[in-house]
Amino acid sequence: MIFLRRTVHVAVLTLSVLPITAVTTASPVAAAAEPRKRSQSEAGARARHLLAQLKVARALSIRGYSRKRFQPRWAHHRGRCDAREVVLARDGRRVRRNAACHPVKGLWYSPYDGRWLKSEKQVDVDHLVPLAYAWRSGAGRWSAARRRAFANDLTRPELITVSHSANIAKGGQGPQSWRPPRRAYWCRYATSWITVKHHYRLFVTRKERVALLNMLRTC
């Protein structure tokens, strides 16, 4: 009788432990996702704070704009490597370069549209905040040196490797007119856009601000 009671007691304890074991087995997945979610949420909150500090104004005239006013050519950063070549090496996988630092082989991911590209001819180095858009946001009043620094900035998230097709579709548009086809990138796109504009003290339009806030909802 005593043996039977002990057997029943052990069985009850075993049953009570099983649900806990099942939860413990699934927890690493949730634990891995939680930091990413929290990180995005914090990035979104910071971006909203920075966006609130930006001046809201009407877009200026495009008159006088030329890409050469920003970038007669890519600036050299590391020996023979110019800014474009540095970005392609940074963003790619297994990138091989020739003696002149130009990539001849590699694999690149375009976060705008989620495409993997195997040829350097299929990718572009995009100015996240387009040069023409920056001009209309206040950059037209800058010195030539400041515009050149903006166009070749490797510190802020202004330069990014994307597919040629996505870059052409975007053109010189702002977030109120164009957003990355891949919605999963909207949070990163908006936070990066705001980071660049805040650093360079470029203003935003009312519609641009609304579009950025809408994208930040995905963070």
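Look above for the structure.
To start, this report covers the structure provided alongside it.

What counts and how
Residues numbered from 1 in each chain as written. Predicted model: local features only at pLDDT ≥ 70, side-chain atom pairs only at ≥ 80, totals over all residues. Heavy atoms only, no water. Patch = residues over 30% accessible without salt bridge, like charges linked within 9 Å, V, L, I, M, F, W, Y side chains within 5 Å. Areas by Shrake-Rupley, 256 points an atom, 1.4 Å probe, with all protein chains shown as cover. Salt bridge = Lys/Arg side-chain N within 4 Å of Asp/Glu carboxyl O. Lys, Arg positive; Asp, Glu negative; His and termini not counted. Charge placed at Lys NZ, Arg CZ, Asp CG, Glu CD. Helix = DSSP H or I, 4+ residues; strand = E, 2+ residues; numbered from the N terminus. Disulfide = S-S within 2.5 Å. Buried < 20%, exposed > 50% of the residue type's maximum accessible area, 1.4 Å probe, protein only. Axes fitted to C-alpha atoms, helices over the stretch in contact; angles between N-to-C directions. Parallel < 35°, antiparallel > 145°, perpendicular 65-115°, else oblique. Left-handed = near helix turned anticlockwise from the far one by under 90°. Contact = heavy atoms within 4.5 Å. Nonpolar A, V, L, I, M, F, W, Y, C, P; charged D, E, K, R; others polar. Core = buried A, V, L, I, M, F, W, Y, C linked by side-chain atoms within 4.5 Å.

### Structural notes on a positive patch on the surface
Then step 1. On the surface, Arg93, Arg94, Arg96 and Lys105 cluster together into a positively charged patch.
Then step 2. Top contributing element to the positive patch by residue count: strand β3 (residues 92–97), with 3 residues.

### A word on the state of the cysteines
Then step 1. For the structure on display, the rule yields 2 disulfides.
Then step 2. Through a disulfide, Cys81 is tied to Cys101; the S-S separation comes to 1.7 Å. Given an S-S torsion of about 85°, the disulfide between Cys81 and Cys101 has right-handed geometry. A residue pair is termed long-range when its members are at least 10 positions apart, and Cys81 in strand β2 (residues 81–82) and Cys101 in the loop between β3 and β4 (103–110) qualify at 20 residues. No difference in accessibility class separates Cys81 from Cys101, as the two residues are buried.
Then step 3. The disulfide partner of Cys187 is Cys219, and the S-S distance across this bridge is 2.0 Å. Disulfide Cys187-Cys219: the torsion about the S-S bond is 105°, which places it as right-handed. Taken together, the positions of Cys187 in helix α6 (residues 186–199) and Cys219 in the segment after α7 (206–216) put the pair 32 residues apart, joining distant regions of the chain.
Then step 4. The connectivity of the disulfides in the protein is 1-2, 3-4, where the numbers refer to bonded cysteines in sequence order.

### Considering the packing of α6 against α7
Then step 1. Between α6 and α7, whose axes approach to 8 Å, the crossing angle comes to 135°. Compared by their axis directions, α6 and α7 come out oblique. Of the two elements, α6 crosses α7, and the hand of that crossing is left-handed. Contacts between α6 and α7 involve Trp186, Cys187, Tyr189, Ala190, Thr191, Trp193, Ile194 and Lys197 from the former and Glu208, Leu212, Met215 and Leu216 from the latter.
Then step 2. Tallied by class, residues from the contact of α6 with α7 come to 9 nonpolar, 1 polar and 2 charged.

### Re the pattern of salt bridges
Then step 1. According to the stated counting rule, one finds 5 salt bridges in the structure shown.
Then step 2. Where Lys170 meets Asp126, a salt bridge forms, and the shortest distance between an N and an O atom there is 2.8 Å. Taken as a pair, Lys170 in helix α5 (residues 164–170) and Asp126 in strand β6 (residues 123–127) lie far apart in primary sequence, 44 residues in all.
Then step 3. The exposure class assigned to Lys170 is buried, which follows from its relative accessible area of 0%.

### Here we look at the nonpolar core
Then step 1. In terms of nonpolar packing, the biggest core is built from 33 residues, with Phe70, Tyr112, Phe150 and Tyr189 touching the most fellow members.
Then step 2. At the level of secondary structure, the elements contributing two or more residues to this core comprise α1 (2–53), α3 (131–136), α4 (144–151), β7 (159–163), α6 and α7.
Then step 3. Here this core takes 6 residues from α6, the largest share from any one element.
Then step 4. Contact partners of Phe150, with chain neighbours within four places excluded, come to Phe70, Val129, Leu131, Ala134, Trp142, Glu158, Val196, Tyr200 and Leu202.
Then step 5. Leu88, Leu117, Val123 and Leu159 belong to the second largest nonpolar core, which has 9 residues in total.

No statement about biological role is implied by the geometric values presented.
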